[in-house]
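# Residue-level structure breakdown
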Amino acid sequence: MELVISNDGVDGVEILYTGPVTGRTGIGGCAGCRSYSWVSGSLSACKAEGKSYPHVTLWLPAGEYHFLHKRRGGPSSGAGVTSYADGSKIQPGYRYTGCTYMTSSPSLGIGPADTASNT
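Before going into details, it helps to say that this report is about the structure given with it. (Residues numbered from 1 in each chain as written. Predicted model: local features only at pLDDT ≥ 70, side-chain atom pairs only at ≥ 80, totals over all residues. Heavy atoms only, no water.)

### Observations concerning the nonpolar core
Counting residues in hydrophobic clusters, the biggest one holds 13 residues, and the most contacted among them are Leu3, Ile5, Ile15, Leu58, Leu60 and Phe67. Where this core is concerned, the elements lending two or more residues are strand S1 (2–8), strand S2 (13–18), strand S4 (55–59) and strand S5 (63–71). (Core = buried A, V, L, I, M, F, W, Y, C linked by side-chain atoms within 4.5 Å. Buried < 20%, exposed > 50% of the residue type's maximum accessible area, 1.4 Å probe, protein only. Helix = DSSP H or I, 4+ residues; strand = E, 2+ residues; numbered from the N terminus.)

### A short note on the side chain of serine 6
Here serine 6 lies in strand S1. Assessed through its relative accessible area of 16%, serine 6 is described here as buried. Every residue in contact with serine 6, bar those within four places of it in the chain, is listed here: Ile27, Cys46, Tyr53, Pro54, His55, Gly98, Cys99 and Thr100. (Contact = heavy atoms within 4.5 Å.)

### A short note on the pattern of salt bridges
Counted under the stated rule, the structure contains two salt bridges. Among the ionic pairs, glutamate 2 bridges to arginine 95, the shortest N-O distance being 3.2 Å. Of this pair, glutamate 2 sits in strand S1 while arginine 95 sits in strand S7 (residues 95–102), placing them 93 residues apart in sequence. Glutamate 2 gets classed as buried once you look at its relative accessible area, which sits at 19%. With a shortest N-O distance of 2.9 Å, arginine 24 and glutamate 14 are connected by a salt bridge. (Salt bridge = Lys/Arg side-chain N within 4 Å of Asp/Glu carboxyl O.)

Laid out in structure tokens, this is it:
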């Protein structure tokens, strides 16, 4: 199944995943992107009309997966390491999308958890 993950954050993101297959990939930072408030991130991230976000496409067999999203240390990352882990079930017949973004809190915002089509 196809999983497209976009990055609406200034810093790049490293993504580790494990399930029926295990791997690692990365997405570059987004020039011109900004941090969101904790509340507005899931409503606004990766939704600017006409904007092309850095992204990666994974082709994964169906199954249960666990993902770790880790911000690469750039100027906006602040002190320490911020990461986010999530479990997801990839089912046949769907195209999945996800969005990573920065919030003004110290945690990494991640959009994918988040709807059946993983907006």
